[in-house]
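# Topology and contacts: notes
Chain by chain, the residues run as shown.
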Amino acid sequence: MKRTIYFLGACIALVFLAAGCQSAPKDIPEDLTAEELINLAQASYDQGNVKAAQAYYETIIIRYGHQMDKLVEAEYEIAHLKVKEKKWQQAIPDLQRILSYYESDVDGTLPPAFRKLVEIDMAKIPERELIEAGVIAASGQE
């Protein structure tokens, strides 16, 4: 009985420890470049810390959002995190917004890779989710 209680206590402690690892960074140094923030975001995601990854991408938007290439990359990565988590209704407007940047990009200055990645992510979204979001009409509707 005592072993079971100790085992359960250890399991609970591990759950809280794992949850603690899923926190966003509180202080992100001001002198980090967009590239450094991207590297930190990717490393955080690789370690299973989605919250930290998203915080780094959001920091890029805040600090470097005036640079459209950085804005598109950070917004795409946030949307892609939502796609990976199958949070379709959250991802759809983000992906649509990014596509709208490309529609407005008459000079062709935005990185073309992210447009293709957005299209790939949109293709992953189940049809019923696209219908619910109003992106496409339901089959058989007139």
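Data block above holds the structure.
In what follows, the accompanying structure is described. As the structure is a computational prediction, the values presented were derived from the model and not from experiment.

## A look at the nonpolar core
Side chains of nonpolar character tend, in soluble globular proteins, to be buried together. Ranked by internal contacts, the top residues of the largest apolar core, which has 19 residues, are V72, L95, I98, Y102, V118, M122 and I125. For this core, the secondary structure elements donating two or more residues are α4 (68–84), α5 (88–104) and α6 (112–124). Examining the composition of this core, we find that 8 residues originate from one element, α5, more than from any other. With residues up to four places along the chain from it excluded, the contact list for M122 reads L95, Q96, L130 and V135. Core analysis: the next-biggest nonpolar cluster, separate from the first, contains 16 residues, I28, A41, Y56 and A74 among them.

## Quick look at unusual backbone geometry
Even without being glycine, K86 reaches a positive phi, approximately 60°. Examined against the element boundaries, K86 turns out to sit in the loop between α4 and α5.

## Observations concerning helix α3 (residues 50–64)
Taking 1.5 Å per residue, 15 residues should reach 21 Å; α3 reaches 21 Å between its end C-alpha atoms and fits that length. Every buried residue of α3 is listed here: V50, A52, A53, A55, Y56, Y57, T59, I60, R63 and Y64.

## Some details on the packing of α3 against α4
Contact geometry for α3 and α4: axes closest at 9 Å, N-to-C directions at 155°. Relative to α4, the element α3 is oriented roughly antiparallel. Seen from above, α3 lies across α4 with left-handed handedness. Side by side, α3 and α4 meet where V50, A53, Q54, Y57, E58, I60, I61 and Y64 of the first sit next to K70, L71, A74, E75, E77, I78 and L81 of the second. Looking at the contact of α3 with α4, its residues break down into 10 nonpolar, 1 polar and 4 charged.

## What about helix α2 (residues 34–46)?
With 13 residues, α2 extends 18 Å between its outermost C-alpha atoms, agreeing within 8% with the 18 Å of an ideal straight helix rising 1.5 Å per residue. The complete set of buried residues in α2 reads A34, L37, I38, A41 and S44. The arc that holds every buried residue of α2, seen down its axis, measures 125°, which confines them to one face. Tucked into the core, α2 has its buried residues touching α3 and α4. Residue G48 follows α2 closely and has a positive phi angle near 85°.

The rules behind each value
Chains are numbered independently. Their residues run from 1 in the order of the written sequence. Reporting of local features is limited, given that this is a predicted model, to residues whose pLDDT is at least 70; pairs of side-chain atoms are given and counted only at 80 or more, and all residues count toward the totals for whole chains, interfaces and linings. No hydrogens and no water enter the side-chain calculation; it runs on all heavy atoms of the structure. Put simply, buried Ala, Val, Leu, Ile, Met, Phe, Trp, Tyr and Cys residues joined by side-chain atoms within 4.5 Å make one nonpolar core. Per-residue accessibility, obtained with a 1.4 Å probe over protein chains only, is compared with the maximum for each type, and a residue is labelled buried under 20%, exposed over 50%, and partly exposed between these values. Runs of H or I in DSSP of at least four residues are treated as helices and runs of E of at least two as strands, each being numbered from the N terminus. In this analysis, two residues are considered to be in contact whenever any of their non-hydrogen atoms come within 4.5 Å of each other. Expected helix span is taken as 1.5 Å per residue step, with the number of steps being one fewer than the number of residues. A fitted line through C-alpha atoms serves as each axis, taken over the contacting stretch for helices, and the angle formed by two N-to-C directions is quoted from 0 to 180°. If an angle is under 35 degrees, it is roughly parallel; if it is over 145, roughly antiparallel; if it lies from 65 to 115, roughly perpendicular; otherwise it is oblique. Take the far helix as the reference: if the near one is turned anticlockwise from it by less than a right angle, the crossing is left-handed, and if turned clockwise, right-handed. Each residue gets one of three labels, nonpolar for Ala, Val, Leu, Ile, Met, Phe, Trp, Tyr, Cys and Pro, charged for Asp, Glu, Lys and Arg, and polar for the others, Gly among them. Here, the arc refers to the directions that run from the helix axis to the C-beta atoms.

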